[in-house]
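Descriptive analysis of the structure
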Amino acid sequence: MLTYFNGRGRGEPIRLLFAAGGIQYEDVRIEGAQWPALKPNTPFGHLPVLEVDGVTLSESTTIARFVAKRAGLAGEGDVQQARADMVVDAVRDIFGKVAAAFTEKDETRKKIVAVSWSGEGSRLLWLEVRGDVFTTSVVLFYDVTNDYWC
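Keep in mind the model is a prediction, meaning the values are calculated, not measured. (Residues numbered from 1 in each chain as written. Predicted model: local features only at pLDDT ≥ 70, side-chain atom pairs only at ≥ 80, totals over all residues. Heavy atoms only, no water.)

Describing the side chain of Thr 3
Along the chain, Thr 3 falls in strand 1 (residues 2-5). Contacts of Thr 3, omitting those with residues within four sequence positions, involve Val 28, Ile 30, Leu 38, Leu 47, Pro 48 and Val 49. (Helix = DSSP H or I, 4+ residues; strand = E, 2+ residues; numbered from the N terminus. Contact = heavy atoms within 4.5 Å.)

So this is what it looks like as structure tokens:
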């Protein structure tokens, strides 16, 4: 059972991985008014959460990796999985910096923050162009989790 707000946000890449893998799941979408009562029962006080086999998982990227593995979309073998994880984690880091640039009020600081992430994005593009990271099912895990945010 996947629980997230009634919107796309951090739950959507997980839903897309379920769909791509042909995995049936319960999609519980909550409204904002329901959140205060549910929040204390989540592992880290935020959504999404996935309940599977009596265990509650939290953290959107962790859940996406779990679903990708179950769906056979995380890569073939440890090395491919680690390379996909490398790119997913790098993009998540960059996304955090991009978000910081958009929310920064001080214009000088905003420019500094923007410059700090622009070079990292170029390195990821270079990896993709060279074909160093992506093969077969790794592409889907990468595409679903990263392209959604970019």
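As for unusual backbone geometry
The omega torsion across Leu 47 and Pro 48 is 10°, close enough to zero to call that bond cis. Turning to its location among the elements, Pro 48 is positioned in the loop between helix 2 (35-38) and strand 3 (49-52). Phi is positive for Asp 53, which is not a glycine, with a value near 50°. By secondary structure assignment, the location of Asp 53 is in the loop between strand 3 and strand 4 (55-58). Residue Glu 59 is not a glycine yet carries a positive backbone phi of 80°. Mapped onto the elements, Glu 59 comes out in the loop between strand 4 and helix 3 (60-71). The class for Glu 59 is partly exposed, based on a relative accessible area of 32%. (Buried < 20%, exposed > 50% of the residue type's maximum accessible area, 1.4 Å probe, protein only.)

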